[in-house]
Number of protein chains: 2
Amino acid sequence: MPNYSEQLDAVLRALADPTRRAVVERLTKSPAVVSDLAAPFSMALPSLMQHLRVLEDAGLVTSEKHGRVRTVSLQSGALDVLHLWLGEQRTPAEHQADRLGIHLARTTPKEPT
Amino acid sequence: MPNYSEQLDAVLRALADPTRRAVVERLTKSPAVVSDLAAPFSMALPSLMQHLRVLEDAGLVTSEKHGRVRTVSLQSGALDVLHLWLGEQRTPAEHQADRLGIHLARTTPKEPT
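In this numbering scheme, every chain counts its residues from 1 along its sequence in written order. Following the order in which they are written, the chains are lettered starting with A and the ligands numbered starting with 1. Per-residue local features of the predicted model are confined to residues with pLDDT of at least 70, and side-chain atom pairs are confined, for both listing and counting, to 80 or more; whole-chain, interface and lining totals are unaffected and use all residues. Derived side-chain values reflect all non-hydrogen atoms in the structure, with water molecules and hydrogen atoms excluded from consideration.

Peer 1: If you had to explain the sheet that holds strand β2 (residues 61–66) of chain B to someone new, which residues and values would you point to?
Peer 2: Residues and elements named next belong to chain B. Pairing is antiparallel in the open sheet, where 3 strands are placed in the order β1-β3-β2. Each having just a single partner strand, β1 (32–33) and β2 make up the two edges of the open sheet. Pairing of β1 with strand β3 (residues 69–74), which is carried by 2 bridges, proceeds in the antiparallel orientation. Counterpart to V33 in the pairing with β3 is T71. Most of the contacts of helix α2 (residues 18–29) go to β3, to which it runs at about 85°, and overall it touches β1, β2 and β3. Should any heavy atoms of two residues lie within 4.5 Å, those residues are considered in contact. Between the N-to-C directions of two axes lies an angle of 0 to 180 degrees, each axis being a line fitted to C-alpha atoms and, for a helix, fitted only over the stretch in contact. Only DSSP runs of H or I reaching four residues or more are called helices, and only runs of E reaching two or more are called strands; each is numbered from the N terminus. Its contacts with the sheet put helix α4 (residues 45–57) on β2 and β3, and the angle it makes with β2 is roughly 125°. At least two bridges found by DSSP between two strands is the condition for calling them paired.

Here is the structure:
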């Protein structure tokens, strides 16, 4: 089990490629079979498989093979480590803006339904 | 001016290194002079300068030299591109959780002050 920092390294490195980000973007909507994932890219299947392996090693996606069809899914909570790190980087000014936002959400009257 | 995808590539690649993340973490608190940034790392100054250059090229930090002292600051809005991309990757279930959170913030009585 990689530690938090190693996990961040792997996730950030995996996402620092436009093809792999496009795959993640597609998978947030629903799982997909490999041939459908490959369709938008003018890319040989072995290259796509290599990208998928990087995403899988970083814990961002999982895949399952049924017969000859491999279905790829976004790992649940895949991006949590990144959300967590970004949350920790909030500057003092941003913390203040957060508190204002919560205050406004609580005190602004609800729109009539 | 790099486009959104190129900017994401650069930011993610820059952050996929624990030393560079530690520098960003330090700079969210306040600007710092290079020698102070170097202190926590057992690293030669030229290596740190190289990391700083990667962060600067990615638009994450800026630096200014006054006399012999170089002060490094987090670029304002440095991580916005990452917040934006992560926000776009919310799954349908997460959107539903967001709406619930806003509803709760609006309907939960305020604590007595």
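Once you've had a look at it, read on.
Peer 1: Before we move on, could you go through the pairing of β2(B) and cite the residues and values that matter?
Peer 2: Residues and elements named next belong to chain B. Inspection of the sheet shows β2 paired to β3 by 6 bridges, in the antiparallel sense. Note that in β3 the partner of H66 across the bridge is V69. Between β2 and β3, which pair antiparallel and follow one another directly, the connecting turn spans 2 residues, one of which, G67, has a positive phi of 65°.

Peer 1: Pulling in residues and values, what's your account of the confidence of the model for chain A?
Peer 2: Per residue, pLDDT captures the predictor's confidence, and it can take any value from 0 to 100. Confidence along chain A averages 89 in pLDDT terms, with 96% of residues attaining 70 or more. Under the prediction, the complex receives an ipTM of 0.80, its pTM being 0.81.

Peer 1: Give me the lowdown on the nonpolar core, citing residues and values where you can.
Peer 2: Nonpolar core, defined: a set of buried Ala, Val, Leu, Ile, Met, Phe, Trp, Tyr and Cys residues in which side-chain atoms within 4.5 Å join the residues together. Burial classes follow relative accessibility: with a 1.4 Å probe on protein chains only, a residue under 20% of its type's maximum area counts as buried, one over 50% as exposed, and anything between as partly exposed. Formed by 53 residues in total, the largest nonpolar core has its most connected members in L15(A), L60(A), L15(B) and L60(B). Dropping the residues within four chain positions of it, L60(B) is found in contact with V11(B), A14(B), L15(B), L55(B), S73(B), L74(B), Q75(B), A78(B) and L79(B).

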